[in-house]
Amino acid sequence: MMLTENVSRVSIAHLPTPLEALPRLTTHLRKVDVWIKRDDQTGLATGGNKARKLEFLVADALAQEANTLISGGAAQSNHARQTAAAAAKFGLACTLVLRGEEPPVARGNLLLDRLLGAETVWAGERPLDEVMQDVAADLIARGRRPYIVPYGGSNRIGATGYVAAMEELVTQCAKQGVTFDCLVIPSSSGGTQAGLAVGARALGFEGRILGVSIDKPAGVLQELLANLAQAVARWLGVEPDFSPADFDVADGYLGGGYGVVGDLEREAIQMMARTEGILLDPVYTGRAFGGLVDLIHQGAFENGERVLFWHTGGTTGLFGYGEVVL
Ligand SMILES: *Cc1c(COP(=O)(O)O)cnc(C)c1O
C-alpha cells in the first residue's frame, strides 16, 4: 500500500523520471559511482522538482474551488515558472509576487512566466508573504478565489510530492537492481529534503540523504527541515519524531549568496555538460553538484560508494544568467 495513496493529487509530472548511471562522470571523478535522478525531466514548462509538489498543491486548490494561484520567489524562480504553468494547465489565473524590481528585459524563467500568462507583482524589499497576503485580499475584494501556494511549494502538502518521489525511487531501485549509499540534493525551502526523509523512514530506505544548502546556515535549515518533516509525517501517519540532528546538511557552499554564480557553480555546470551532456542550473543544481564534487575530492566518501545526484531542474534559469556560466 502506498503511503501517499489517500492524499488527493492531480496528474502533472511525467513519472517515473529516469534513474541512470553516469559512467563518464564516474570515470572522471574516480572513487565514487555516480548516478542521476532526472527530475529535470518531469515536464511542466520543461521540468523540475516543483512539478511533483504541485500535483498535491493544485489538487488542494481545486478542492477549495480556487480560481487563481498566487505564489512568489526570486525573479528567476523555477517554482514561480512551474506554478504559472500548472495554473494554465488547470484553467486558473496566476499572480506571481517576485522579489526586487522589474528588470528591463524579461529573460529565462521570467520570460516564461509571462509566456504562461501569469501576472507579476514586484515586491521590492517587502517580505514576499506579506505582499502575497495583500494580493490575496485584493483578489477577494474583486470576487476572485485565490489560493496561496507557499514559497517553494514547501508545506506539508507540497512536500508530500517528495514522499511519493521516495516511493518511486525505492520501486525503481528494486526493478533496476541497484542500491545507493547516499542521495545528494540541493536544499532551500526544504520540501524536497523533508519529503524524502519522511518517505525514507516510512519505507526503510537506509542511505544517507545529504542536502547541500543553497542559502541558509546548516542550523537554520535543519530546524526548518525537522519542523516540516514532523508536519508531513503527522499528516501521513508516519512516526513524526524528527529532530534537526536527523538531517544531513552541508553548508560550506553558500558562496556569494543566493543566485550568485561563482567558480564552484560554473565549473560544476561545465563538468556535467561536457562529460555527460546534461544541463544543470545556475542557482541550485550547479551549487549542489559543485558541493558533491568538492566533498568527493575531500575524501568524504568511501571508495566505491554509490551516490545518487538528484537533478531538481531549473535549467531554464541558464538563460536568465547568460555568460556568467561560461
Ligand atoms: C526550488 C528548487 C530547489 C530546492 O528545493 P526545496 O524543496 O525548496 O528545498 C532545488 N532545485 C531547483 C532547481 C529548484 O527550483
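Because the structure is predicted, anything quoted here is derived from the model rather than measured. (Residues numbered from 1 in each chain as written. Predicted model: local features only at pLDDT ≥ 70, side-chain atom pairs only at ≥ 80, totals over all residues. Heavy atoms only, no water.)

S.K.: Is there a simple way to think about helix α10 (residues 285-297) in this case?
M.R.: Each α-helix winds once per 3.6 residues, and so residues spaced three or four apart point in a common direction. For α10, built from 13 residues, the straight-helix expectation of 18 Å at 1.5 Å per residue is met to within 8% by its first-to-last C-alpha distance of 18 Å. Burial within α10 is extensive, with 11 of its 13 residues counted as buried. The secondary structure elements touched by the buried residues of α10 are α1 (23-29), β7 (182-187), β8 (208-213), α9 (263-276) and β10 (306-311). Following α10 by one or two positions, G299 adopts a phi angle in the positive range, close to 85 degrees. (Helix = DSSP H or I, 4+ residues; strand = E, 2+ residues; numbered from the N terminus. Expected span 1.5 Å × (residues − 1). Buried < 20%, exposed > 50% of the residue type's maximum accessible area, 1.4 Å probe, protein only. Contact = heavy atoms within 4.5 Å.)

S.K.: Help me understand the sheet that holds strand β2 (residues 33-38) in this model?
M.R.: Within a sheet, neighbouring strands are paired by backbone hydrogen bonds and run either parallel or antiparallel to one another. The strand order across the open sheet formed by six strands is β1-β2-β10-β7-β8-β9, and the pairing between neighbours is mixed. Both edges of this open sheet fall to β1 (19-21) and β9 (248-250), since each of them pairs with a single strand only. Between one strand and the next, the sheet's axes are offset by a mean angle of 30 degrees, whatever the strand orientation. With three bridges connecting them, β8 and β9 associate as parallel partners. (Pairing = 2+ DSSP bridges. Axes fitted to C-alpha atoms, helices over the stretch in contact; angles between N-to-C directions.)

S.K.: Teacher, can you tell me more about the packing of helix α6 (residues 156-176) against helix α7 (residues 191-203) here?
M.R.: Two packed helices can be described by the angle between their axes and the distance between those axes. Following both chains from N to C, one finds α6 and α7 inclined at 50 degrees, their axes separated by 7 Å at the closest point. Taken together, the axes of α6 and α7 lie oblique to each other. Pair α6 / α7 crosses with right-handed handedness. Of the residues in α7, those touching α6 at A159, Y162, V163, A165, M166, E167 and V170 are G191, T192, G195, L196, V198, G199, A200 and L203. For the contact of α6 with α7, a count of residues per class yields 10 nonpolar, four polar and one charged. (Parallel < 35°, antiparallel > 145°, perpendicular 65-115°, else oblique. Left-handed = near helix turned anticlockwise from the far one by under 90°. Nonpolar A, V, L, I, M, F, W, Y, C, P; charged D, E, K, R; others polar.)

S.K.: Is there a simple way to think about the packing of aromatic side chains in this case?
M.R.: Where two aromatic rings form a pair, the distance of their centres and the angle of their planes describe that pair. Following the criterion strictly, the structure yields five aromatic pairs and no others. Plain terms: the ring middles of W35 and F180 are 5.7 Å apart, the flat faces sit at 75 degrees to each other, and that makes the pair edge-to-face. Of the two residues, W35 is situated in strand β2 and F180 in the loop between α6 and β7; the sequence distance between them amounts to 145 residues. The ring centre of Y284 lies 5.7 Å from the NZ or CZ of K50, which sits over that ring. For R201, the ring lying beneath its charged end belongs to F242, and the centroid distance is 3.8 Å. (Phe/Tyr/Trp six-rings, centres within 6.5 Å; stacked < 30°, edge-to-face > 60°. Lys NZ or Arg CZ within 6 Å of the ring centre and 35° of its normal.)

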